[in-house]
Amino acid sequence: MHKTHPKLTLVGAGPGDPDLISVKGIKAIVEADVILYDALVGKGLLTYASQRAELIYVGKRVGKHSHTQDAINELIVYFAHEKGHVVRLKGGDPFIFGRGFEEIAYAEKHGLSTAMIPGISSAHAVPALQNIPLTSRGINQSYWVTTGTTSTGELSPDIAIAAQSSATIVILMGTKQLTEICQIFQQEKKGETPIAIIQNGTLPTEKMVHGTIDNIQKKAKANDIGAPAIIIIGETVNLYKAEVIPLTQQQVLTYGE
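Computed from a predicted model, the values in this text were never measured in an experiment. (Residues numbered from 1 in each chain as written. Predicted model: local features only at pLDDT ≥ 70, side-chain atom pairs only at ≥ 80, totals over all residues. Heavy atoms only, no water.)

Points about the overall build of the protein chain
Along its length, the protein chain carries seven helices and 13 strands. Scored against the burial criterion, the 257 residues of the protein chain give a buried share of 49%. In the protein chain, 66% of the contacts between residues at least 6 apart in sequence involve partners at least 24 apart. Surface summary for the protein chain: the accessible area is close to 12900 Å², and the carbon and sulfur share equals 54%. (Helix = DSSP H or I, 4+ residues; strand = E, 2+ residues; numbered from the N terminus. Buried < 20%, exposed > 50% of the residue type's maximum accessible area, 1.4 Å probe, protein only. Contact = heavy atoms within 4.5 Å. Areas by Shrake-Rupley, 256 points an atom, 1.4 Å probe, with all protein chains shown as cover.)

Listed below in structure tokens is the structure:
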């Protein structure tokens, strides 16, 4: 069989639930000769791959990297030249804290044609599925999405700026920085600000705690909340209503003040 021109297609796999991927993304998986997939990709998506396709795990989780980013870049180029069409399947949207642009740029530098298929980001999908809007008329005029942990391992300085606004703030990769995040809001006299933490969003193992800046650390610890999780801070969190969530599918952990 004639090998196709070396090509990379970057595919956003969505927030975890394998149903939350675009039709175009599924078509790319079907056509792939090689699929390099991440830790947060719903494994059900791999069933769309053809029998000829090579499936290679290159996941990176907190403290557990199967491959460095440089190694992943090299694998993309190697398999594209050896096999043809490489699909890089990444959780969420590859261009939102996914280092997707770096992979596209590296591939193009080494002669690959490239395509990008956006994905549904956990930053807005996970809150939405818990009935938490990121914007609501009369409450806020914007929302921020920021990383909790920078490439140096420190808390993003953008969070301190965001804390001074009325925006809803979504923090990815921030559970280990929860104490420092809460201190920033307390310094702004915002200890009563609503906050929710959602772990394993969109998956059967999802669980959530909901409270205020002043009490969320105690609740998170009591319910063993950890990564991967997203943090949502702001008045729109109060629009959450547990009764609209199918409790047979979620572990919703809420407590009174």
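Further notes follow.
Section: the packing of aromatic side chains
Under the definition given, this model contains three aromatic pairs. Taking the centre distance of 5.1 Å and the plane angle of 75 degrees together, the rings of Tyr-78 and Phe-79 count as edge-to-face. Its relative accessible area of 47% is what places Tyr-78 among the partly exposed residues. (Phe/Tyr/Trp six-rings, centres within 6.5 Å; stacked < 30°, edge-to-face > 60°.)

Let's talk about helix H4 (residues 122-129)
Of the residues making up H4, those classed as buried are Ser-122, Ala-123, Ala-125, Val-126 and Pro-127. Just downstream of H4 lies Asn-131, where phi reads positive at about 65 degrees.

Quick word on the nonpolar core
Leu-178, Ile-181, Phe-185, Ile-197, Ile-231 and Ile-233 are the most contacted members of the largest nonpolar core, which totals 21 residues. Residue assignment for this core shows that the elements contributing at least two residues are helix H5 (158-162), strand S9 (168-172), helix H6 (178-187), strand S10 (194-199), helix H7 (216-222) and strand S12 (229-233). Ranked by residue count, the leading element in this core is H6, at five residues. Excluding its chain neighbours within four sequence positions, the residues that come into contact with Ile-181 are Leu-155, Ile-159, Ile-171, Gly-174, Ile-231 and Ile-233. (Core = buried A, V, L, I, M, F, W, Y, C linked by side-chain atoms within 4.5 Å.)

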